[in-house]
Amino acid sequence: MVGHAFMGRAHGNAYRQCNRFFDLPMDVVPAVVVGRDKRRAAEAAAKFGFAQATTDLDAVLRDPSIDLVDVATPNDSHCAIATAALQRGKHVLCEKPLALTVDEARSMAALAKKKKVRVGVWHNYRRAPATALAARMIARGDLGDVRQVRAVYLQDWLASADAPASWRTSRRTAGSGAHGDLNAHLIDLVRALTGLEFEAVCGVQQTFTKKRPDGRGGSSKVDVDDAFCFLARFRGGAIGTFEATRVAIGRKNMNCIEVNGSRGSLRWNLERMNELEVFLPDGPDDARGFRTVMCMDGVHPYAANWWPDGHLVGYEHTFVHHLADFVRALHDGTPFHPDFDDGLAVQRVLAAALESAVEGEWAEVAK
Ligand code: SOE
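**Concerning the overall build of the chain**
For step 1, the next point in the chain: The number of helices and strands found in the chain is ten helices and 16 strands.
For step 2, the next point in the chain: For 367 residues, the compact-globule estimate of 2.2 N^0.38 gives 21 Å, and the chain sits close to it at 21 Å.
For step 3, the next point in the chain: Dimensions of the chain along its principal axes, counting C-alpha atoms only, are 65 × 50 × 40 Å.
For step 4, the next point in the chain: For the chain, with 367 residues in total, the buried portion stands at 55%.
For step 5, the next point in the chain: Considering only residue pairs separated by 6 or more positions, the chain has 68% of its internal contacts joining residues 24 or more positions apart.
For step 6, the next point in the chain: Accessible area for the chain stands at about 16200 Å²; split by element, carbon and sulfur atoms hold 50% of it.
For step 7, the next point in the chain: Looking at the chain, you have 46 positive and 45 negative side-chain charges, and the mean spots of the two groups are 3 Å apart.

**As for the nonpolar core**
The nonpolar side chains of a soluble globular protein tend to be buried with one another.
For step 1, the next point in the chain: The biggest cluster of nonpolar side chains holds 80 residues, and the ones touching the most others in it are Phe198, Val201, Phe230, Phe234, Phe242, Trp268 and Leu276.
For step 2, the next point in the chain: Here this core gets eight residues from one element, more than from any other, and that element is helix 8 (residues 178-194).
For step 3, the next point in the chain: Looking at which domains feed residues into this core, each of domain 1 (2-122) and domain 2 (126-359) gives three or more.
For step 4, the next point in the chain: Beyond its immediate stretch of four places on either side in the chain, Val201 contacts Phe230, Leu231, Ala232, Val349, Ala352, Ala353, Ser356, Glu361, Trp362, Ala363 and Val365.
For step 5, the next point in the chain: Counting 29 residues, the second-largest nonpolar core is a separate cluster that includes Val32, Ala82, Ala85 and Cys94.

Reading the values: the criteria
Residues numbered from 1 in each chain as written. Predicted model: local features only at pLDDT ≥ 70, side-chain atom pairs only at ≥ 80, totals over all residues. Heavy atoms only, no water. Helix = DSSP H or I, 4+ residues; strand = E, 2+ residues; numbered from the N terminus. Rg over C-alpha atoms; globule rule 2.2 N^0.38 Å. Buried < 20%, exposed > 50% of the residue type's maximum accessible area, 1.4 Å probe, protein only. Contact = heavy atoms within 4.5 Å. Areas by Shrake-Rupley, 256 points an atom, 1.4 Å probe, with all protein chains shown as cover. Lys, Arg positive; Asp, Glu negative; His and termini not counted. Charge placed at Lys NZ, Arg CZ, Asp CG, Glu CD. Core = buried A, V, L, I, M, F, W, Y, C linked by side-chain atoms within 4.5 Å. Domains from an automatic or database assignment.

Structure representation (C-alpha cells):
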C-alpha cells in the first residue's frame, strides 16, 4: 500500500479486516506500506498489520512476491505510481478521482487492459449495504424507468478562512476542489445505482476563500473550487442535479442521493447509512408513503458477513467490502467495478463540468 495519512487509514483498516470477516478464496497478506517518511510508514504498517515499511517504491514494484499495489496518495501521483505498478504487471487499486486529467485516466485504463491485470478505483460508497440494495432494486426494475437523480455531497471543513491550505486546495496536486473530491463520488454512485451514462453537463463553481494559511506563517493561493454544482442530462432522457461543497456550515459529511423512477423513488444518506428510504406504489392508497428499510438483515448485501440481523456497520466497512469484492473477482476472474474504465468515465464528467463552468455553457461528455 502506498499511503497518505487519512486515506491510508481507511485502506489499511480494510486489509486488517477483510480476511477476518469475509470468507475469501485466498488470503490477503498485507506486505508493505510505502511512504515518503520512514517513521510514519512504519507506524502505519504496525497499526494495520503490514509486515514491512519502506520509502523505496521501486524496490517494492520489482518484488515478484507483491501482487497488488494500492495507491492511496494525493491525486497528482496516482497516474505515475499506478503506471509504474501496471508496467511491472501488478494489479492496482487506486484512490479517487482516478487521475488529474482525462488524458492520464485514459492512458491508465489502456495500460491496465494491455497488461491484462485487474484494477479498481476506491469509490467505496457503492458498497454500503443500502447503496448496494438500491442498485439491486433499480436493476430489478422496482422503480420503473429512472427519470431524475438528485445528488449532494456536503462538508464544511473549509468554511473558515483559517482552515489551512493543503494538497487538496491546489489545482496542481488535486486537479480541482470539492468537485474532484466529492462530485467524483456522486458521479460514480449515480452510474453504479442507475446504469445511466452522462450526455451533457452545465456547471457553476465558486472559491470563497482565495488564500489560506500555509502553516509556515505565510499564505497559499487557493485555485480550486470550494463549491461546485452542475446539472446533467443523461443518455436516454433522464436528468440530474449534483452539488459538492466543503463550505456548507454544519454539514460534516452528508452524502445523499435520491432517485425518482416512473413507479417509485428511493433516497440514501450517508449520515444514516444503513437505511434506505423507499417509495413503491404498493399497499392501500391511503397508507402509501416513503418507508425506511433498515438494510442490515441477512438478505441485504454484505450484512451477513458481519453481525446478527439488525446490528449496524459504518463508513470503514465500505472499504472492507470493496477490497473483499476485488479479491474475489481477482480469484474468480469475474468483473470488478469500478475499474479504470469507470474511473475514466467519471473523469470525463468531471472535466466536462469544469469546462462548462469556465466557459459558462453546457458541455458534452465524451463517450
Ligand atoms: C475529504 O473531503 C474526504 O476525505 C474525501 O477525500 C473522501 O473521498 C470522502 O469519502 C470523505 O471526505
